[in-house]
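# Summary of structural features
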Amino acid sequence: MKKDTPWVMRTYSGHSTAQASNELYRLNLSKGQTGLSIAFDLPTQTGYDSDHPMARGEVGKVGVPVCHIGDMQTLFEEIPLGKMNTSMTINGTAAWLLALYIAAAERQGVEAKSLQGTTQNDIVKEYLSRGTYIFPPQPSLRLIRDTITYTVAHAPKWNPINVCSYHLQEAGATPVQEVAYTLCTAIAVLDAVKESGQLSAADFAEAVGRISFFVNAGLRFIEEICKLRAFGQLWDELTRDRYAIADPKLRRFRYGVQVNSLGLTEAQPENNVPRIVLEALGVTLSKSARCRALQLPTWNEALGLPRPWDQQWSLRIQQILAYETDILDYEDIFDGSKVVEAKTAAIKHAAWAEVERVQELGGVIAALDYVKEQLVASHTDRVRRINTGEQIVVGVNKFTETASSPLYTGDSSSILKVDEDAERDQVARLQAFRAARSQAEVSVALTALREAVTSGANIMPASIRCAHAGVTTGEWSQTLRQIFGEFRAPTGIAGAAAARGIEGPIADKLEAVRLRVRKSAETLGRPLKVLIGKPGLDGHSNGAEQIAVWCRDAGMEVVYEGIRLTPEQIIASARDEGVHLIGLSILSGSHLRLVPEVLSGLRSEGLGEVPVVVGGIIPEDDAFALRKAGVARVYTPKDFEMLKILSDMVEVAEAAHG
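A brief look at the structure comes next. (Residues numbered from 1 in each chain as written. Predicted model: local features only at pLDDT ≥ 70, side-chain atom pairs only at ≥ 80, totals over all residues. Heavy atoms only, no water.)

## Here we look at the overall build of the chain
Secondary structure summary: the chain contains 24 helices and 15 strands in total. For the chain, whose C-alpha radius of gyration is 24 Å, the value lies close to the compact-globule estimate of 26 Å for 658 residues. Structurally, the chain occupies a C-alpha span of about 70 × 65 × 50 Å along its principal axes. Residues classed as buried in the chain amount to 61% of the 658 residues present. Counting only contacts in the chain whose residues sit at least 6 apart along the sequence, the fraction spanning at least 24 positions is 80%. Taken as a whole, the chain presents about 24,400 Å² of accessible surface, with 52% of it coming from carbon and sulfur. Here the chain holds 69 positive side-chain charges and 79 negative ones, and the gap between their average locations is 2 Å. (Helix = DSSP H or I, 4+ residues; strand = E, 2+ residues; numbered from the N terminus. Rg over C-alpha atoms; globule rule 2.2 N^0.38 Å. Buried < 20%, exposed > 50% of the residue type's maximum accessible area, 1.4 Å probe, protein only. Contact = heavy atoms within 4.5 Å. Areas by Shrake-Rupley, 256 points an atom, 1.4 Å probe, with all protein chains shown as cover. Lys, Arg positive; Asp, Glu negative; His and termini not counted. Charge placed at Lys NZ, Arg CZ, Asp CG, Glu CD.)

This is the structure:
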């Protein structure tokens, strides 16, 4: 019996600057990591240069800033791209970052045909859950199509898209929804490629064979194993029946994994280690459904950015699984299991029924509102189950007693904090790069890019030319923004109901909050009105959506306009809507920059009496600074009791306006 080959081991990382991230990558590789997973900062993901006003406070916070070919070369300095397997979590600007990667490889003397790795390049889940989209759906599908048709011909070892279920699960998707909506995205992409007529039948089959997936894995790891077996069977049948792919090798369900972060807790964070191990088992234990690449979060991910030691611990978990256990020694140990077969069949049947439902609505693009509402409703149900105790989370809603932790004391010493000077230094380097390049070459390259976009030609050759000419991320994106326009995705809160399924003590508590909200109108002179705002470029909107749903169902008037608002837009909305309280949600680590800007703007607008509460991944020392600056309340992931938060909001509004 032949021992199976270990999967590619990665760590999702990047921060501050290209140089700092390069040092981290080389450190991780020296410890036995076998691939790279690049985290880009939010300005790069949303197509802004580091000195754009929208990038203020976000540069280098959740990933590495890459503004031009110089940044990309620095990022991979002393890392031979011809031998590396690189995953890039990039979507709205995926075509551009792939162009920069190819250009950087060419400057290393490596041809595109030798490159191995993946661009995530899934815009649908960005609309539904992660929020780093830029352009409307059809132009975005065209960009995805162009990267697929280009790589089939020029970079045949590259996976041009990682159709992504990861963020759907983070947004609340059940296993059935995760499988169904991901397959719907794959259908939309492959239909667009096929309808373009750019590929021969043989090349289209190769393109299908290069489609990969990026999957999440939760704690119910038996169910996760069944989900992945169902995924693989449905993908095989879909590519065979819908696209007539004859070669079984090209119908293989190839996937990488980042295990679940949603279930990691701030309370008793050491408990996250067994959670991560069990989630890793879900994607490695079954040989026929084993992942090809794996990246694990760190024990302290609910607290902030991990340090190199934290990442090393997660890498060692992978290495122990692969090299110390016997999970790679056997054929699939679940083959023949009636329990696994029955659960797999049930997920498969239900998922395909949901695929057909979405297809009847016109496909996933036409059904964005429907799918988003299903996800928000599922997440609302998850929050309800945790709040009622129906779903136990150890250390959070049960078994909360704890001794003092030697790992975490509540301050920032247990995480990596990005130096605020990193943004200033990045902006200085960007401006020096612009000053040193040939503006004439940049102008010619951008003209060629514009012509490619408007003519319908494949965008990749013109983008690679732009990369070599020194065009920046912001310039490439702005050229496309001027032609394609921009898009705002649905919020999905209309179809969710916090009160659905609630009974017993929590129903009584919700009714008590409703009564309190109604009584507050006597103090306030009219019904309590709140604004839920997402300042900056952070697109993780799950928390904001849940607060909006619960506030609305508690009887408050709610203003929620979705993600990516400037402090000025939030202040203007608060003024125009006449709100009594503002709730801000920030998970990108930019709270110390953006929240004071909102507070200052409110005072300048004569709205200093409007209280502000803030939620996000916020260390206690940062929370202290925010409260000192005037924030009324700060909530972090350990504050899971929705009704307690709502009750606080009523109290804060009454105190401010009573």
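## What about unusual backbone geometry?
A positive phi is found at Ser-16, a non-glycine position, where the angle reads about 65 degrees. Checked against the element boundaries, Ser-16 lands in the loop between strand E2 (12-13) and helix H1 (18-30). Even without being a glycine, Gln-268 presents a positive backbone phi close to 45 degrees.

## Notes on helix H18 (residues 473-484)
Counted at 1.5 Å a residue, the expected span for H18 with its 12 residues is 16 Å, and the 16 Å between its end C-alpha atoms agrees. Burial analysis of H18 places nine of its 12 residues in the buried class, which makes it a mostly covered element. Taken as a whole, H18 has its buried residues at Thr-473, Gly-474, Glu-475, Trp-476, Ser-477, Thr-479, Leu-480, Arg-481 and Phe-484. Where H18 terminates, the next one or two residues include Gly-485, which has phi positive at roughly 80 degrees. (Expected span 1.5 Å × (residues − 1).)

## Quick look at the nonpolar core
Among the nonpolar cores identified, the biggest contains 121 residues, and Trp-7, Phe-213, Trp-235, Tyr-255, Val-257 and Leu-294 are the most heavily contacted of them. Here this core gets 11 residues from one element, more than from any other, and that element is helix H8 (residues 175-196). Setting aside chain neighbours within four positions, we find Trp-235 in contact with Leu-183, Ala-186, Leu-190, Val-208, Ile-211, Phe-213, Arg-251, Arg-252 and Phe-253. Among the nonpolar cores identified, the runner-up in size contains 55 residues, and Ile-69, Ile-102, Ala-155 and Phe-484 belong to it. (Core = buried A, V, L, I, M, F, W, Y, C linked by side-chain atoms within 4.5 Å.)

## Describing the pattern of salt bridges
Under the criterion given, the structure shown has 46 salt bridges. Between Asp-538 and Lys-534 there is a salt bridge, and its shortest N-O distance comes to 2.6 Å. (Salt bridge = Lys/Arg side-chain N within 4 Å of Asp/Glu carboxyl O.)

## Digging into H1
Note on helix geometry: an α-helix contains 3.6 residues per turn, so any two residues three or four positions apart are oriented the same way. Helix length check: H1 (13 residues) gives 18 Å between terminal C-alpha atoms against 18 Å at 1.5 Å per residue, within 8%. Among all positions of H1, only Ala-18, Ser-21, Asn-22, Leu-24, Tyr-25 and Asn-28 are buried. For H1, the angular spread of buried residues about the axis comes to 165 degrees, placing them on one side. Away from its buried face by more than 90 degrees, H1 exposes Gln-19 and Ser-30. (Arc of directions from axis to C-beta.)

## Some remarks on the pairing of strand E11 (residues 529-533)
Among the five residues in E11, five count as buried, and that is most of the element. What you see with E11 is no split at all: Lys-529, Leu-531 and Gly-533 on one side and Val-530 and Ile-532 on the other are buried throughout. Chirality of the crossover, the property in question, places the unit of E11, helix H20 (residues 542-553) and strand E12 (residues 557-560) among those that are right-handed. Of the pairings in the sheet, the one linking E11 to strand E13 (residues 581-586) comprises four bridges and is parallel in character. Bridging across to E13, Leu-531 finds its partner in Ile-582. (Right-handed = clockwise from strand over helix to strand, strands pointing away. Pairing = 2+ DSSP bridges.)

## Focus on the sheet that holds E12
On the basis of which strands lie adjacent, the open sheet formed by five strands has the order E12-E11-E13-E14-E15 and parallel pairing. Strand pairing shows two members of the sheet lacking a second neighbour, E12 and strand E15 (633-635), which therefore form its edges. Averaged over all pairs of adjacent strands, the angle between their axes in this sheet comes to 20 degrees, without regard to strand direction. Bridging between E13 and strand E14 (residues 612-616) involves five bridges; their strand directions are parallel. Note on E14: the bridge partner recorded for Ile-586 is Gly-616. The strands touched by helix H21 (residues 567-577) within the sheet are E11, E12 and E13, with E11 carrying the most contacts at an inclination of about 165 degrees. (Axes fitted to C-alpha atoms, helices over the stretch in contact; angles between N-to-C directions.)

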